[in-house]
Amino acid sequence: AQSVAQPEDQVNVAEGNPLTVKCTYSVSGNPYLFWYVQYPNRGLQFLLKYITGDNLVKGSYGFEAEFNKSQTSFHLKKPSALVSDSALYFCAVRDRDSARQLTFGSGTQLTVLP
Amino acid sequence: DAGVIQSPRHEVTEMGQEVTLRCKPISGHDYLFWYRQTMMRGLELLIYFNNNVPIDDSGMPEDRFSAKMPNASFSTLKIQPSEPRDSAVYFCASSLGSGGRTEAFFGQGTRLTVV
């Protein structure tokens, strides 16, 4: 079985401050991990992914995420938030040894306050 | 490439009517996914195709839902008859290859309202 949890429905941060959006996962084997962003009335857009190798993954728009196997986490981070980063963020996981497709988290609404 | 194209963007229909949602995946992509997004249930995978063949339809909620992919550039999701609880945003996505290493590209979605 595979699952992903985003423990925070809402995250508020001031513009210019660092932001973190949390994600933890559960898989039987080793994971493939993804972050997507959804702006209002739009589809999901890919941000970054962890497949293998370096635990720190850099993606679009200055976002990065760190794969932590011992804590089964893949938190999304950005050093300095922009108002335009305000959106709905989804973490997704797939067990690389499974035929199942991606399982998405419930989403975290990020609001960056000016 | 224009990305994944879905039509219509918005659909309002009366309960009991047939609804057909359409999707054109990115050219060359061999996987196509249909998702449904609601506030209550989040993002759910309904069905996916590989090389036009349905692989897993276990997420399709009822027999009222059906999906087809007659060729590599077109897919439909049909609801017949529609019910108010089918109101949601339906997304189509496509990807090149699977094995989980590749990201999916999503269309802008069809917002369905059944009254």
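First things first, this report covers the structure right here in the doc. Each chain carries its own residue numbering, running from 1 in the written order of its sequence. Each chain takes a letter, starting from A, and each ligand takes a number, starting from 1, following the order in which they are written. Only residues with pLDDT of at least 70 get local features here, since the model is predicted, and only at 80 or more are side-chain atom pairs given and counted; chain-wide, interface and lining totals rely on the full set of residues. Calculation of side-chain values draws on the structure's entire complement of heavy atoms; hydrogens and water are dropped beforehand.

Strands here are runs of E lasting at least two residues and helices are runs of H or I lasting at least four, both read from the DSSP assignment and numbered beginning at the N terminus. Looking only at helices and strands, one finds zero helices and 12 strands in chain A. Going residue by residue from the N terminus, the α and β elements of chain A occur as β-β-β-β-β-β-β-β-β-β-β-β. Taken along its principal axes, the extent of the C-alpha atoms in chain A is 45 × 30 × 20 Å. For every residue, the accessible area obtained with a 1.4 Å probe (protein chains only) is divided by the maximum for its type, and the residue is called buried under 20%, exposed over 50%, and partly exposed between those limits. Scored against the burial criterion, the 114 residues of chain A give a buried share of 45%. What makes two residues a contact is simply this: any of their non-hydrogen atoms within 4.5 Å. Look at the contacts in chain A between residues 6 or more apart in sequence, and 58% of them connect residues 24 or more apart. Only carbon and sulfur atoms are counted for the fraction: they give 49% of the accessible area of chain A, which is about 5,300 Å². Calculation of accessible area relied on Shrake-Rupley with a 1.4 Å probe; when residues are assessed, cover is drawn exclusively from the protein chains displayed.

Listed per partner, the contact involves 18 residues of chain A and 20 residues of chain B. Where chain A abuts chain B, roughly 1,600 Å² becomes buried across the two surfaces, and 51% of that area is made up of carbon and sulfur atoms. Ranking the residues of chain A by area buried against chain B places A:Leu44, A:Gln101 and A:Phe104 at the top, with a combined share of 30%. Any Lys or Arg side-chain nitrogen located within 4 Å of an Asp or Glu carboxyl oxygen qualifies as a salt bridge. If you look at where chain A meets chain B, you find one salt bridge. We note a salt bridge from A:Lys49 to B:Glu103, for which the minimum N-O separation is 2.8 Å. For this analysis, a polar contact is any N or O atom pair within 3.5 Å, provided that within protein one partner can donate a hydrogen and the other can accept it, and provided that sequence-adjacent residues contribute only side-chain to side-chain pairs. Between the two partners, chain A and chain B, sit six residue pairs in polar contact (both at pLDDT 80 or more). At the level of secondary structure, the elements contributing two or more residues to the side of chain A that touches chain B comprise strand E5 (31-38), strand E6 (44-50) and strand E10 (87-95) of chain A. Per-element accounting of the side of chain A that touches chain B gives the leading share, four residues, to E5(A). Ten residue types, Ala, Val, Leu, Ile, Met, Phe, Trp, Tyr, Cys and Pro, are classed as nonpolar, four, Asp, Glu, Lys and Arg, as charged, and the remainder, Gly among them, as polar. Residues belonging to the side of chain A that touches chain B are distributed by class as follows: 11 nonpolar, four polar and three charged. Summed over both partners, the accessible area lost on bringing two parts together, with a 1.4 Å probe, is the buried area.

Residue and element names in this part refer to chain A. Residues Thr-108, Leu-110 and Val-112 point to one face of strand E12 (residues 108-113) and are all buried, whereas Gln-109, Thr-111 and Leu-113, pointing to the other face, are not buried. Here strand E2 (residues 10-14) pairs with E12 via five bridges, running parallel. Counted as the bridge partner of Asn-12 is Thr-111 from E12. In this structure, E10 lies alongside E12, joined through three bridges in antiparallel fashion. Residue pairing across strands places Tyr-89 opposite Thr-108, the latter belonging to E12. If DSSP finds at least two bridges between two strands, the strands pair.

So, on to the packing of aromatic side chains. Side-chain rings of Phe, Tyr and Trp (the six-membered ring for Trp) are treated as a pair once their centres are within 6.5 Å; stacked means planes under 30 degrees apart, edge-to-face means over 60, and tilted covers the remaining angles. One pass over the structure, following the stated rule, counts 17 aromatic pairs over all chains. Judged by centre distance (6.2 Å) and plane angle (15 degrees), the ring pair of B:Tyr31 and B:Phe33 falls under stacked. This pair shows no difference in class: B:Tyr31 is buried, exactly as B:Phe33 is. Three or more aromatic residues joined by ring pairs make a cluster, and in this case those are A:Phe34, A:Tyr36, A:Phe46, A:Phe90, A:Phe104, B:Tyr31, B:Phe33, B:Tyr35, B:Tyr48, B:Phe91 and B:Phe106.

A word on the environment of B:Asp86. Residues and elements named next belong to chain B. The residue Asp-86 is located in the loop between strand E8 (74-79) and strand E9 (88-95) in this model. A C-alpha to C-alpha distance of 19 Å links Asp-86 and Gly-107, two positions 21 residues apart in sequence. Contacts of Asp-86, omitting those with residues within four sequence positions, involve Arg-36, Arg-64, Phe-65, Ile-79, Pro-81, Leu-112 and Val-114.

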